[in-house]
Amino acid sequence: MATHSPLADLSQRLLGKAPGELDDEERRVLAGIEAGTVVSRDAGDVSDERSSYGERLADKVAAVGGSWGFIIVFAVILFGWMILNSDILGHFGMAFDPYPYIFLNLMLSTVAAIQAPVIMMSQNRQSAKDRLAASLDYETNLRAELDILRVHHKIDHLLLDRLDAIERKIDGLAKSAPDA
């Protein structure tokens, strides 16, 4: 006589699938139902737990590089560089990067060459975080749906038990009633 595990029973009863047919999310949800634990988790927290130092650094660089503060500071530095080399130091003949600002162009190209892949890494990480969030949302929604289904079954059984009790009571009253 084969014994079924509680996970196999839940799998068949709630999802109509054998345990081998379950995907990872369904398996985690059923294990959570079996253990009576909470399934929902914050995608940001889970992603941060799984991320490396380089990935977190890429996120910070992208956050700084994609901000108005960075744009304003960068614009001030650029204009300051140009004014310093054109007017101030140029007036004394000491400009180290006169117009057409070749050194400034080199620096801008270097910043762009470094910043672009870092931003791409951050975007890839954000895509992975979005996929993780969708997976966690699916788990939470599946858990809620299965819990509602379980409550519905319990209510159905309670109603059937109550109707059976009422029917037995009516049958008992009918048998004990005097024939008229």
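Just so you know, these numbers come straight off a predicted model, no measurement behind them.

**What about the packing of helix 5 (residues 68-91) against helix 6 (residues 102-176)?**
When two helices pack together, their arrangement is given by the angle between their axes and by how far apart the axes lie. Interaxial distance between helix 5 and helix 6 falls to 11 Å at its minimum, and their mutual angle equals 160°. Accordingly, the angle class assigned to the pair helix 5 and helix 6 is roughly antiparallel. As helix 5 runs across helix 6, the sense of the crossing is right-handed. Residues Phe-70, Phe-74, Leu-78, Trp-81 and Met-82 of helix 5 pack against Phe-103, Leu-104, Leu-108, Val-111 and Gln-115 of helix 6. Of the residues contributing to the contact of helix 5 with helix 6, the split by class is 9 nonpolar, 1 polar and no charged.

**So, a negative patch on the surface**
A surface patch of negative charge is lined by Asp-161, Asp-164, Glu-167 and Asp-171. Along the polypeptide, Asp-171 turns up in helix 6.

**Here we look at helix 6**
Counting along an α-helix, one turn takes 3.6 residues, and residues three or four places apart therefore face a common direction. Helix length check: helix 6 (75 residues) gives 109 Å between terminal C-alpha atoms against 111 Å at 1.5 Å per residue, within 8%. Among all positions in helix 6, only Leu-104, Gln-115, Val-118, Ser-122, Arg-125, Leu-132, Ser-135, Leu-136, Glu-139, Leu-142, Arg-143 and Leu-146 are buried. Those residues of helix 6 that are buried lie in contact with helix 1 (6-15), helix 2 (24-35), helix 3 (43-50), helix 4 (53-65) and helix 5.

**Section: the packing of aromatic side chains**
A full pass over the atoms with the stated rule returns 4 aromatic pairs. Among the aromatic residues, those joined into a ring-pair cluster are Trp-81, Phe-96 and Phe-103.

**Details of the side chain of Ser-135**
For Ser-135, the position within the fold is in helix 6. Accessibility expressed as a relative area gives 16% for Ser-135, which makes it buried. In this view, Ser-135 contacts Glu-25 and Arg-28; residues no more than four positions away in its chain are not counted.

**With respect to a nonpolar patch on the surface**
Taken together, the side chains of Phe-79, Ile-83, Leu-84, Ile-88, Phe-92, Met-94, Phe-96, Phe-103, Leu-106 and Met-107 present a nonpolar region at the surface, about 1000 Å² in accessible area. At the level of secondary structure, the elements contributing two or more residues to the nonpolar patch comprise helix 5 and helix 6. Counting residues per element, the nonpolar patch draws most heavily on helix 5, which supplies 4 residues. Locating Phe-96 in the fold gives a position in the loop between helix 5 and helix 6.

Reading the values: the criteria
- Residues numbered from 1 in each chain as written.
- Predicted model: local features only at pLDDT ≥ 70, side-chain atom pairs only at ≥ 80, totals over all residues.
- Heavy atoms only, no water.
- Axes fitted to C-alpha atoms, helices over the stretch in contact; angles between N-to-C directions.
- Helix = DSSP H or I, 4+ residues; strand = E, 2+ residues; numbered from the N terminus.
- Parallel < 35°, antiparallel > 145°, perpendicular 65-115°, else oblique.
- Left-handed = near helix turned anticlockwise from the far one by under 90°.
- Contact = heavy atoms within 4.5 Å.
- Nonpolar A, V, L, I, M, F, W, Y, C, P; charged D, E, K, R; others polar.
- Patch = residues over 30% accessible without salt bridge, like charges linked within 9 Å, V, L, I, M, F, W, Y side chains within 5 Å.
- Areas by Shrake-Rupley, 256 points an atom, 1.4 Å probe, with all protein chains shown as cover.
- Salt bridge = Lys/Arg side-chain N within 4 Å of Asp/Glu carboxyl O.
- Lys, Arg positive; Asp, Glu negative; His and termini not counted.
- Charge placed at Lys NZ, Arg CZ, Asp CG, Glu CD.
- Expected span 1.5 Å × (residues − 1).
- Buried < 20%, exposed > 50% of the residue type's maximum accessible area, 1.4 Å probe, protein only.
- Phe/Tyr/Trp six-rings, centres within 6.5 Å; stacked < 30°, edge-to-face > 60°.

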